[in-house]
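Breakdown of the fold
Here is what each chain is made of, one letter per residue.
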Amino acid sequence: QVQVVESGGGLVQPGGSLRLSCAASGSIFSISTMGWYRQAPGKQRELVAILFSSGSTTYADSVKGRFTVSGDSAKNTAELQMNSLEPEDTAVYYCNTIVTMSRGHLPIPFWGKGTLVTVSS
């Protein structure tokens, strides 16, 4: 199995910054993507940012220019640097990784349990 653990959430004032971290461990042969999703109260989970194994990235329009996703493929980790935070960014942030557990197997998505980010004065 694969374990995914997020850290770094907390309370921050509007305009502030926060950095989230994600670490994947366990039966990992290769990782296709590591991404961040979020779910605000009463809303559906939505994509925030994805880091592909090629190094390319994609972002939700709402966070472009404010958030940056990065990672270390050798360590199976990813970070989300969040700047200029707004109250609308308040949500539980989830790390998702698509993992191939052994050669020849299909890739499988795994999720962390989430970390709460609250943007409030």
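Report on the accompanying structure. (Residues numbered from 1 in each chain as written. Predicted model: local features only at pLDDT ≥ 70, side-chain atom pairs only at ≥ 80, totals over all residues. Heavy atoms only, no water.)

Okay, the pattern of salt bridges next. A complete count under the given rule lists 5 salt bridges for this structure. Here Arg38 makes a salt bridge to Asp89, at a shortest N to O gap of 2.9 Å. Here Arg38, found in strand E4 (residues 30-39), pairs with Asp89, found in the loop between strand E8 (77-82) and strand E9 (91-100); they are 51 residues apart in sequence, far enough to count as distant. Asp89 matches Arg38 in its accessibility class, with the two residues each being buried. Asp61 is the salt-bridge partner of Lys64, the closest N and O atoms lying 3.1 Å from each other. Taken together, the shared-partner salt bridges connect Arg38, Glu46, Arg66, Glu86 and Asp89 into one network. (Salt bridge = Lys/Arg side-chain N within 4 Å of Asp/Glu carboxyl O. Helix = DSSP H or I, 4+ residues; strand = E, 2+ residues; numbered from the N terminus. Buried < 20%, exposed > 50% of the residue type's maximum accessible area, 1.4 Å probe, protein only.)

Now for unusual backbone geometry. In the Ramachandran plot, Asn76 falls in the positive-phi region, its phi being about 60 degrees despite a non-glycine side chain. Within the secondary structure, Asn76 sits in the loop between strand E7 (67-72) and E8. Even without being glycine, Ser84 reaches a positive phi, approximately 50 degrees. Note on placement: Ser84 falls in the loop between E8 and E9.

This brings us to the packing of aromatic side chains. Here the structure, examined in full by the defined rule, presents 1 aromatic pair. On the basis of an interplanar angle of 65 degrees and a centroid distance of 5.0 Å, the ring pair of Tyr37 and Trp111 is categorised as edge-to-face. Here Tyr37, found in strand E4, pairs with Trp111, found in strand E10 (residues 108-111); they are 74 residues apart in sequence, far enough to count as distant. For Trp111, a relative accessible area of 38% gives the class partly exposed. Note that Arg45 overlies the ring of Tyr94, its terminal NZ or CZ placed 3.7 Å from the centroid. The lysine or arginine in question, Arg45, covers the ring of Trp111, its NZ or CZ lying 4.6 Å from the ring centre. (Phe/Tyr/Trp six-rings, centres within 6.5 Å; stacked < 30°, edge-to-face > 60°. Lys NZ or Arg CZ within 6 Å of the ring centre and 35° of its normal.)

Turning next to the sheet that holds strand E1 (residues 2-7). Spatial strand order, E1-E3-E8-E7: 4 strands in an open sheet with antiparallel pairing. Edge positions in the open sheet fall to E1 and E7, since each of these has one partner strand only. Averaged over all adjacent pairs, the angle separating strand axes in this sheet is 15 degrees, with direction ignored. In this structure, strand E3 (residues 18-26) lies alongside E8, joined through 6 bridges in antiparallel fashion. Bridge pairing links Ala23 to Thr77 in E8. (Pairing = 2+ DSSP bridges. Axes fitted to C-alpha atoms, helices over the stretch in contact; angles between N-to-C directions.)

The next point concerns the pairing of strand E5 (residues 46-52). Pairing of E4 with E5, which is carried by 6 bridges, proceeds in the antiparallel orientation. Among the inter-strand pairings, Met34 is bridged to a residue of E5, identified as Leu51. In this antiparallel pair of consecutive strands, E4 and E5, the connection spans 6 residues, and Gly42 shows a positive phi of 75 degrees. Across 3 bridges, E5 lies against strand E6 (residues 57-59) in antiparallel orientation. Across the sheet, residue Ile50 finds its bridge partner in E6, namely Thr58. Remark: 4 residues form the turn of the hairpin made by E5 and E6, two consecutive strands paired antiparallel; Gly55 in that turn has positive phi of roughly 100 degrees.

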